[in-house]
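Per-entry structural report
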Amino acid sequence: MDNPADEKTASEGQSAMDLSTEEKGSEEQSPPEMKSKKPLSFHLAFVGLLFMVFIVSLDTTTLAVAIPIIARDLGGTTLESFWASTCFMLAVSVVQPLYLSSSDVLGRKIPLHTAYFLFVVGSLVFALAPNMATVIVGRTIQGLGGSGLDVLNEIITADMTT
């Protein structure tokens, strides 16, 4: 090793290995209390969000299959059952940006409670419907609430986690 450049490269390589070893050592030796443990309120809020998404997803998938049978029992047409399903999806798609904007302005709580209220009212209207016109109105109101529950779930989850 008569060449000074070889010595310089060798010493740089050695110092780089020393740094990486020191960094690994400090990561391995970090005390367990340094790792952040989430409080119980975080986990309960997250379970609530999961439940919220489960309800909307269950409603969307099961009622889309059941509406033709409900229409037949109520004396409705195929077109009315089509609109009952389509109105829900249209309401979900159209109102999501409104919930997004209103949650930025008003905070997350007011739009979330509004979405829950609309979803429950729509579910009651749908469940107690004597005819297909009322079923369509109920599904539309459910869609107005379901869209808020869907988009606010993602927003709140993003706010809760880093």
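Position labels on residues start from 1 in each chain and follow its written sequence. In view of the model being predicted, local features appear only for residues whose pLDDT reaches at least 70, and side-chain atom pairs are presented and counted only at 80 or more, with totals across whole chains, interfaces and linings using the full set of residues. Each side-chain value is worked out from all heavy atoms of the structure, with water and hydrogens disregarded.

**With respect to the confidence of the model for the chain**
For the chain, mean pLDDT is 83; residues scoring 70 or higher make up 78% of the total. Confidence of the prediction at every residue is given by pLDDT, a number between 0 and 100. Only DSSP runs of H or I covering at least 4 residues are called helices, and only runs of E covering at least 2 are called strands; the numbering of each starts at the N terminus. Across the chain, element-level confidence peaks in helix α4 (residues 109–127) with a mean pLDDT of 95 and bottoms out in helix α1 (residues 4–28) with 50. In the model, residues 19–23 has pLDDT below 50 throughout and makes 0 contacts with residues more than four positions away in sequence or in other chains. Contacts are assigned to residue pairs that have any heavy atoms within 4.5 Å of one another.

**What about the pattern of salt bridges?**
One side-chain nitrogen of Lys or Arg within 4 Å of one carboxyl oxygen of Asp or Glu is enough to make a salt bridge. All chains considered together, the criterion is met by 3 salt bridges. Salt-bridge contacts for D159 lead to R108; the nearest nitrogen and oxygen are separated by 2.7 Å. Of this pair, D159 sits in helix α5 (residues 132–160) while R108 is found in the loop between α3 (78–106) and α4, placing the two residues 51 residues apart along the sequence. Per-residue accessibility, obtained with a 1.4 Å probe over protein chains only, is compared with the maximum for each type, and a residue is labelled buried under 20%, exposed over 50%, and partly exposed between these values. Judged by relative accessible area, which is 48%, D159 ranks as partly exposed. Linked by salt bridges that have partners in common, D104, R108 and D159 make up one network.

**So, the environment of L100**
Relative to the helices and strands, L100 resides in helix α3. Take L100: its relative accessible area is 38%, and that puts it in the partly exposed class. In this structure the C-alpha to C-alpha distance between L100 and L152, which are 52 residues apart in sequence, comes to 7.3 Å.

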